[in-house]
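# Coordinate inspection notes
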Amino acid sequence: MSDQFVLETRNLVKEFKGFVAVDDVNLKIQKGHIHALIGPNGAGKTTVFNLLTKFLIPTRGQILFNGEDITSMKSAGIARKGVVRSFQISAVFPHMTALENIRVALQGFEGSSFSFWKSGASLNRLNERCMELLDSVGLTEYANTTTVELAYGRKRALELATTLAMEPKLLLLDEPTQGMGAEDVDRVVELVRKAADGRTVLMVEHNLSVVSKLCDRITVLAQGSVLTEGDYETVSADPRVREVYMGTGSSGERGAVEEGAAK
Amino acid sequence: MNQPQNTADIHKVIVEQQAAQDRKKLILNGVLLLFLLAAPFVFYPVFLMKILCFALFAVAFNLLFGFTGLLSFGHAAFLASGGYTTGYLLSNFSGLPTELGILAGTLAATILGLGFALLSIRRQGIYFAMVTLALAQLVFFFFVQSEFTGGEDGMHGIPRGQLFGLINLEDNMNMYYFVLAVFIACYVLVQRIVSSPYGQVLKAIKQNEPRAVSLGYNVDRYKVLAFVISAALAGVAGSMKSVVFQLASLNDAHWHMSGEVILMTLVGGMGTLLGPVVGATFVVNIEYHLSQGPLRDWVDPILGGVFVITVLAFRSGIVGEIQKFVRKNMG
């Protein structure tokens, strides 16, 4: 069974000084799926996400990656195993060029990262692969632009390209369309779809129309525990899901549910 | 100018720009080298050596502060441990070649740096600075109490000795060219480190540490290496300083010194290669010239004022501001 699921959590719990942020969460992410984690504000999505990527340590429970227990591994270690995350706020290296951003990700693989005596030009042989990745997200002409000067949507595209440079087996995306205008959202949806080819993706997402377009399976979190799970039709028809969004969610999310449901 | 559209062309442009920049750097370095080679015929060599020692100290500090983003407030410990070790060995083992004494001083600072790094590297920001300060104070008290350092009096009459058993370093000109050679070697090393694959990772860690972690980098190890290299080079500076002045004193271990190197780096321009050199030159000159004149009691307040003005108005420091200006006005 375990080879069917790339990532599994067993009875995952995270407490902060008596407050239970994540309560007994069992997730199973199937290989090749785009899996969404949704829920109203404060449902614990980001906490779950940080637990999975080891930016937080779980109070109890287990996390399995391809059947292997990774609960006690560190962030950098699981990244090298192929579990790579993106961040809510676009995570780029602002004062490096777009090309250098991607090259730093590639460097980790070829084992020269501690070579302080080698020349900078020794990195140029990675440039070809960098340009391919920039091409794939439509940033070719910005290769030599300092990242801080890129528009927001392009930064996100660059971040995704950097993440893909790691050749992740499991891609964890934290609200990839957060704070974007409509045309940027469509672009990111396309990028994620492309990136998901041959990979497994778990994403936290507020925008339900994005979820409805992309995701094979959806887990709804509310108050730290799993409310329900299923495909978009099942989840959006569930009266409990509508209730948590209507009852406690912000108006933006409520609008998104209805917009998504209308489609 | 036509913007290239094709991937290969864009890449070619990038590589050419890189090469052009390297050429510019080489020319600038060449001019500086010529100046430094000729300088002792115009200026007093001991004064120039003082500047070079402090410049090297600041360059070492800047590798950690400017290029890794770690503010150490304990770098005096490495300057002093280099100086005392070298001074002790050269004073007590006559005939020991000077270069071995300096090497030993460097080694002592390196080991001490590794200890500091392992104890402090997991702390962030101000906590990191405070841990390094506390450790440096421990080292300071050790030097105060120890007999071999001469305590408050310092260590006097350190023999300069001979280089490779051949060149008499008592001669100021010989000494100057030796110090210059060591300085250049260390400066070129730092330049190389900053542009190396490792330097790229340091840059990434400085700009966005969580992202570097998520790309699989075990950032603590990279920081430790940067700290150790920085401490080692600070040790070289301290060792050479004790040979030049034939003196190792508590001043070098005092937290004032840790503060002064921050000042030099900020005034010159942190995160630039030449900045700390310019900053050290500036600060050493101000200290020297003011202490000769009627303002001799005002050296510290004046330096404090310079510090405040730099932080408020010229964040990038002298070299940083010049770079900005050149970039803006010359494309």
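Note that the structure is a prediction, hence the values are computed from the model and not measured.

The helix and strand inventory of chain B stands at 13 helices and 4 strands. Relative to the globule expectation of 20 Å for 331 residues, the C-alpha radius of gyration of chain B, 21 Å, shows essentially globular dimensions. Of all 331 residues assigned to chain B, the portion counted as buried reaches 47%. Across chain B, every contact between residues at least 6 apart in sequence was considered, and the portion connecting residues at least 24 apart equals 75%.

Looking now at the overall build of chain A. Looking only at helices and strands, chain A has 10 helices and 10 strands in total. Whereas a compact globule of 263 residues would reach a radius of gyration of roughly 18 Å, chain A reaches 19 Å, a difference of no more than 12%. Per-residue burial for chain A yields a buried fraction of 47% across its 263 residues. Sequence-distant contacts in chain A: of pairs separated by 6 or more residues, those separated by 24 or more amount to 67%.

It is worth spelling out the nonpolar core at this point. By size, the foremost hydrophobic cluster in this structure holds 173 residues, and its most contacted members are Leu-134 and Ala-161 of chain A together with Ala-55, Leu-56, Phe-57, Ala-234 and Ala-237 of chain B. Ranked by residue count, the leading element in this core is helix α2 (residues 45–68) of chain B, at 17 residues. Mapped onto the domain boundaries, this core takes at least three residues apiece from domain 1 (1–82 + 200–263) and domain 2 (85–167) of chain A. Not counting chain neighbours up to four residues away, the residues in contact with Ala-55 of chain B comprise Phe-183, Pro-276, Val-277, Ala-280 and Thr-281 of chain B.

What follows concerns the pairing of strand β9 (residues 217–222) of chain A. Residue and element names in this part refer to chain A. Across the 6 residues of β9, 5 count as buried, placing the element largely inside the fold. In the sheet, strand β3 (residues 34–38) pairs with β9 via 4 bridges, with the strands oriented parallel. By the bridge assignment, Ala-36 is partnered in β9 with Ile-218. Hairpin remark: β9 followed by strand β10 (residues 225–230), antiparallel, with 2 residues in the connecting loop; positive phi at Gln-223, about 50°.

Another point: the pairing of β3 of chain A. When you tally the buried positions in β3 of chain A, you get 5 out of 5 residues, the bulk of the element. Judged by which residues are buried, β3 of chain A turns out to be covered on both faces: Ile-34, Ala-36 and Ile-38 of chain A on one side and His-35 and Leu-37 of chain A on the other are all buried.

Before going further, it helps to examine the confidence of the model for chain B. All names here are of chain B. Mean pLDDT over chain B works out to 89, with 98% of the residues at or above the 70 mark. Of all the helices and strands in chain B, strand β2 (residues 162–163) carries the lowest mean pLDDT, 80, while helix α9 (residues 219–245) carries the highest, 95. Interface confidence in the predicted complex, given as ipTM, is 0.80; pTM for the same model is 0.83.

Okay, the interface of chain B and chain A next. Contacts between the two partners involve 29 residues from chain B, matched on the other side by 40 residues from chain A. Broken down by secondary-structure element, the contributors of at least two residues to the side of chain B that touches chain A are α1 (7–38), α6 (172–195), α7 (197–207) and α8 (209–214) of chain B. The leading source of residues in the side of chain B that touches chain A is α7 of chain B, at 8 residues. For the side of chain B that touches chain A, the class distribution of residues is 14 nonpolar, 12 polar and 3 charged.

Looking now at the packing of helix α11 (residues 275–292) of chain B against helix α12 (residues 299–313) of chain B. All names here are of chain B. Across the interface, α11 lies against α12 with an axial gap of 10 Å and an inter-helix angle of 150°. The element α11 and its partner α12 pack so that their crossing is right-handed. Where α11 abuts α12, its residues Val-283, Ile-286, Glu-287, Leu-290 and Ser-291 lie against Val-299, Ile-302 and Leu-303. The residue makeup of the contact of α11 with α12, split by class, is 6 nonpolar, 1 polar and 1 charged.

Attention now moves to α11 of chain B. Along its 18 residues, α11 of chain B runs 26 Å from first to last C-alpha, staying within 8% of the 26 Å computed at 1.5 Å per residue. Lining the buried residues of α11 of chain B we find α2, α10 (255–268), α12 and α13 (317–329) of chain B.

The next point concerns α12 of chain B. Helix length check: α12 of chain B (15 residues) gives 21 Å between terminal C-alpha atoms against 21 Å at 1.5 Å per residue, within 8%. For α12 of chain B, a buried count of 1 out of 15 residues is recorded, marking the element as mostly open to its surroundings.

Okay, the sheet that holds strand β1 (residues 5–16) of chain A next. Residues and elements named next belong to chain A. The 4 strands lie next to each other as β2-β1-β4-β5, forming an open sheet whose pairing is antiparallel. One side of each edge strand has no neighbouring strand; the edge strands of this open sheet are β2 (19–30) and β5 (68–69). Alignment of strand β4 (residues 60–65) against β5, held across 2 bridges, turns out to be antiparallel. Each residue of the ladder has a partner; that of Phe-65, found in β5, is Glu-68. Its contacts with the sheet put helix α1 (residues 45–52) on β1, β2 and β4, and the angle it makes with β2 is roughly 65°.

Next up on the list: the sheet that holds strand β7 (residues 170–174) of chain A. Residue and element names in this part refer to chain A. Taking strand neighbours across the sheet as the criterion, the 6 strands line up as β6-β7-β8-β3-β9-β10 in an open arrangement whose pairing is mixed. Edge positions in the sheet fall to β6 (83–85) and β10, since each of these pairs with one other strand and no more. The sheet shows a mean angle of 20° between the axes of neighbouring strands, taken without regard to direction. Each of β3, β7, β8 (200–204) and β9 touches α1; the most contacted strand, β7, lies at about 145° to it.

Turning our attention to the environment of Lys-206 of chain B. Take Lys-206 of chain B: it is sitting in helix α7. In the structure, Lys-206 of chain B is positioned 136 residues away from Leu-70 of chain B in sequence and 8.3 Å away in space, judged by C-alpha atoms.

Moving on to the confidence of the model for chain A. Residues and elements named next belong to chain A. Of the residues in chain A, 91% have a pLDDT of 70 or more, and the chain-wide mean is 82. Mean pLDDT across the elements of chain A ranges from a minimum in helix α10 (residues 251–262), with 46, to a maximum in β8, with 90. Across residues 248–263, where pLDDT falls below 50, the model places 28 contacts with residues more than four positions away in sequence or in other chains.

What counts and what doesn't
- Residues numbered from 1 in each chain as written.
- Chains lettered and ligands numbered in written order.
- Predicted model: local features only at pLDDT ≥ 70, side-chain atom pairs only at ≥ 80, totals over all residues.
- Helix = DSSP H or I, 4+ residues; strand = E, 2+ residues; numbered from the N terminus.
- Rg over C-alpha atoms; globule rule 2.2 N^0.38 Å.
- Buried ≥ 20, exposed ≤ 12 C-beta atoms within 10 Å, placed from the backbone.
- Contact = placed C-beta atoms within 7 Å.
- Core = buried A, V, L, I, M, F, W, Y, C linked by C-beta atoms within 7 Å.
- Domains from an automatic or database assignment.
- Pairing = 2+ DSSP bridges.
- pLDDT = per-residue confidence, 0-100.
- Nonpolar A, V, L, I, M, F, W, Y, C, P; charged D, E, K, R; others polar.
- Axes fitted to C-alpha atoms, helices over the stretch in contact; angles between N-to-C directions.
- Left-handed = near helix turned anticlockwise from the far one by under 90°.
- Expected span 1.5 Å × (residues − 1).

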